[in-house]
Structure formats: structure tokens, C-alpha cells
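Spelled out from the first residue to the last, the chains are:
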Amino acid sequence: MKIFLTGGTGFIGKPLTDRLLKRGWEVTALVRRPENDESKLIQTLGAQLIRGDVTDKESMRSAMSAVDVVIHNAGWYEFGILQKDHDQMYKINVEGTQNTLSLAFELGIPKIIYTSSILAFGRTGQIIADEAYVRQFPPLTYYEETKMNAHEIAVGLQKIGAPIMIVCPAGVIGPGDHSGIGCLVRMYVRRCLPPILWTPNGRLAHVYVDDAAEAIARCVEYGKIGEVYILSNGNQAHREMSDDWKKCEGGCKTTWFWLPNPIAVLLNRLAEPVERFLGIPIVFCKEFIFSAKENWQFTAAKAEQDLHMHFRSLEKAWCDTIAGERILIQKKKTKKYQHQKINPN
Ligand SMILES: NC(=O)c1ccc[n+]([C@@H]2O[C@H](COP(=O)([O-])OP(=O)(O)OC[C@H]3O[C@@H](n4cnc5c(N)ncnc54)[C@H](OP(=O)(O)O)[C@@H]3O)[C@@H](O)[C@H]2O)c1
């Protein structure tokens, strides 16, 4: 089995590449920078690298021409980007999806898998949504808007006969998660998460990164063309999420105070320009808090059935996330210590 993969160097992409290779399949991974550490890592695992960019359709043509499966997993996932960067996010998430999926269709690739997101459906209110859910609310973030547009492109191509399966991961968690929740987890592990949190009642579906990767690999084996699959370990309120963290080794075991929403909104709005001024990643921002206040509840029953997939419990997913994050932090400390020993000045 020959696979052409985009986004193989990312948070979901690395365990996905590993799972595809472990099945004995050949993986050609499209990367923007073959020389960087993440590219080298998947090369060491056994992937063949090809330099290219999803915004440049022709850069993918020759490597894609003789494969059995195309998995389009590349994307730009970030909240709080500046208006001036919207064009670039649109180019990657929307035009990149159009380029990759239409090229695969044009080349007659028999199986095409696209990583969309539950955000393509929008927030769900009190409902636990499945794949038939029809969007009820406009997007809250620019990222959500681009994933909605890209999802529509994939569905449009399915309708004209492209052999596409769409996977919609819930909020992906795990060691190395670069989202706002990932940042809070790292603060918990480092024991610097304050005992004051916000939006206790906002509910979100989460999926553990290895489960998301496994489900995408299983789409190649068991997925049905034309289908959409939601990937999720379950839904939980943020209050329940922090209760799960507290069962694992880490920071404070009690949340003293849950901030009322208007104060949480104000703090996140204030944090955004400060983070920008300090040149650190934008984590706490208007888009993050606006999303956190809402419910995004989904069921993965169809993926469990069609893909013969067992999603671990959310409690286990958090324990695995926190344990994995602790190992990552330890590895970084060891690397820094070794670097200081070699270069004392
Ligand atoms: N993380 C989540 O919670 C979540 C949830 C639902 C859906 N998703 C979707 O899952 C996919 C992967 O997300 P992730 O969290 O793994 O993101 P990530 O860690 O940021 O990785 C993004 C990947 O896309 C690649 N990429 C970005 N722009 C590209 C371009 N112009 N051309 C080629 N490759 C490009 C990156 O390559 P470089 O190494 O060159 O940067 C990287 O491999 C995205 O489509 C995202 O929207 C993510």
C-alpha cells in the first residue's frame, strides 16, 4: 500500500505516520522543510520526504501520481491570529484542501481521506451531535470558518463522485498539544496552574491524539468512501476535565474559584496584546475564551462501529496526556542540561 500524506510532521501527523509505517505501508510525506527536526523524525521512522506545499498544487502532482491512498492532514490550527494572517490561513486550510483533494480526484486515486474537524459543524448547544448534524450557529473563530469552508469543499467533491472519507477529530489532546488546553495541561504538570479557572460549564468533545491517528489509519482499512466520521473519546464540561487532571500527579488539587464569564472574557482579551508584545505564542485570547464558553458535544458511535475503533475513556486520555507531557518536559530539561554542560558559557 502506497500512501501520500500531508501534515505528517504535526501533532496528529507524527503518530499517524508511525501507525501507517507500522502496518508495513510506504509513506510519502509532503513537507515544507525537509531539513527541520520534525521532518527528520518522520524520515527516521521510515517515511520518504518530498518537499512541497499544499498551497502549490503542482508541488504534489508527481509524488501523488502513483499512490493507492491520499491522506490530507495538513492545516493551520490556531486561535487569535491577526487579521493580516487570515489570507494565509485561508490559503492553507481552504485552498490547500481544494488543491490536495481535487488533485487526488483528478489523478484517479482510489481512496482519499481528509482531516476536517468537529468545528466544521459548529457549536451544538444542548445536543450531542452526530455526522448528520446541520450547523446551527455561525463560526466563532477564523480557524472555525476556514475548517467549515474546507469541509464544504470535501463534501462537494464527494457529491460529484470523488472517493473521499472525511474524519472530524474532536479537540485533540495528548503530549505536545499546542492548543490553549495543552498549555493549561503543561502548567498543571509544572505545578504553576493557578487554582482559578473559567468556563466550568462549557462542554467539549476531546480525542486522544493516538486514538485520532489510529482512527485515520483504520479509515484506510475499514472506512467507507463517501462517509464522514467523528472521532471522540467523549464529552465533558471543563469542570469535569479539571477534576480528571487532579486524579493525576501534578499541580493544585482544588480549584478555589471559577471566574464568571465576563471576567474571564476580559482577562483573555487583556492577555492577547500582552502575549503579542512579549512575542510568545498566543494562547489566551478572545477566540479561545469565546469557544470555551460554548458546547461542542459529539458522538463517535459511527467511527466505533465502521472502523472497529475503541476510543479510550476520557479519564485514561487525560492520565496518558499528563504522563506523556511530564516525559516531554523531562526530556527538554535533560537536553538543556546536556547543552549547558557542552557550552558552559
Ligand atoms: N489539534 C486539534 O485539536 C485538531 C482538531 C481537529 C482537527 N484538526 C486538524 O487536524 C490537522 C492536523 O492538525 P495538528 O493539530 O496536527 O496541526 P499541527 O501540529 O499544527 O500540524 C500541522 C501540519 O500541517 C503542515 N502544514 C501546514 N501548512 C502547510 C502547508 N502550507 N503545506 C504543507 N503542509 C503544511 C505542517 O507542516 P510543517 O512541519 O511544515 O509546519 C504540519 O505537519 C489540521 O488539518 C487540523 O485542522 C486538529
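These figures come from a predicted structure and were not determined experimentally.

Thresholds, definitions, all that
- Residues numbered from 1 in each chain as written.
- Predicted model: local features only at pLDDT ≥ 70, side-chain atom pairs only at ≥ 80, totals over all residues.
- Helix = DSSP H or I, 4+ residues; strand = E, 2+ residues; numbered from the N terminus.
- Rg over C-alpha atoms; globule rule 2.2 N^0.38 Å.
- Buried ≥ 20, exposed ≤ 12 C-beta atoms within 10 Å, placed from the backbone.
- Pairing = 2+ DSSP bridges.
- Right-handed = clockwise from strand over helix to strand, strands pointing away.
- Expected span 1.5 Å × (residues − 1).
- Axes fitted to C-alpha atoms, helices over the stretch in contact; angles between N-to-C directions.
- Near = placed C-beta within 6 Å.
- Nonpolar A, V, L, I, M, F, W, Y, C, P; charged D, E, K, R; others polar.
- Parallel < 35°, antiparallel > 145°, perpendicular 65-115°, else oblique.
- Left-handed = near helix turned anticlockwise from the far one by under 90°.
- Contact = placed C-beta atoms within 7 Å.

Draft legend 1. Molecular detail of the overall build of the protein chain. Secondary structure summary: the protein chain contains 12 helices and 12 strands in total. Taking 20 Å as the expected radius of gyration for a compact globule of 345 residues, we find that the protein chain reaches 20 Å, a close match to that expectation. Projected onto its principal axes, the C-alpha coordinates of the protein chain cover approximately 60 × 55 × 40 Å. Taken over 345 residues, the protein chain has a buried fraction of 45%.

Draft legend 2. Fine view of the pairing of strand β4 (residues 69-72). Residues Val69 and Ile71 point to one face of β4 and Val70 and His72 to the other, with burial holding for every one of them. Relative to β4, strand β1 (residues 2-6) runs parallel, the two being bridged by 4 bridges. From the neighbouring strand, Thr6 faces β4, where its bridge partner is His72. Here 4 bridges tie β4 to strand β5 (residues 111-115), and the two strands are oriented parallel to one another. Along β5, the bridge assignment pairs His72 with Tyr114. Crossover β4 to β5 through helix α4 (residues 86-106) is right-handed.

Draft legend 3. Representation of helix α7 (residues 209-222) within the structure. Compared with the 20 Å implied by 1.5 Å per residue over 14 residues, the 19 Å span of α7 between its first and last C-alpha is a close match. Within α7, 10 of the 14 residues are buried, leaving the element largely enclosed by the surrounding structure. Those residues of α7 lying buried are Val209, Asp210, Asp211, Ala212, Ala213, Ala215, Ile216, Ala217, Cys219 and Val220.

Draft legend 4. Structural context of the sheet that holds strand β6 (residues 164-169). As summarised here, the arrangement of the 7 strands in space is β3-β2-β1-β4-β5-β6-β10, forming an open sheet in which the pairing is parallel. Of all the strands in the sheet, the pair left with one neighbour each is β3 (48-51) and β10 (228-231). If you compare each strand with its neighbour and ignore which way they point, the axes differ by 20° on average.

Draft legend 5. Representation of the site of the ligand in the model. Not every one of the 31 residues close to the ligand is listed here, only the nearest: Gly10, Phe11, Ala74, Gly75 and Val172. Contributing elements (two or more residues each) for the shell around the ligand: β2 (26-31), α4 and β7 (171-173). Classifying every residue of the shell around the ligand gives 11 nonpolar, 15 polar and 5 charged.

Draft legend 6. Seen up close, the packing of α4 against helix α5 (residues 142-159). At their nearest, the axes of α4 and α5 sit 9 Å apart, and the two run at 15° to each other. Classed by the angle they form, the pair α4 and α5 counts as roughly parallel. Note on packing geometry: the crossing formed by α4 with α5 is right-handed. From α4, His86, Met89, Tyr90, Asn93, Val94, Thr97, Gln98, Leu101, Ser102 and Phe105 reach across to α5, where they touch Tyr142, Tyr143, Thr146, Lys147, Asn149, Ala150, Ile153, Ala154 and Leu157. Of the residues in the contact of α4 with α5, the class split is 11 nonpolar, 7 polar and 1 charged.

Everything listed here is a matter of coordinates, which is why it stays silent on function.
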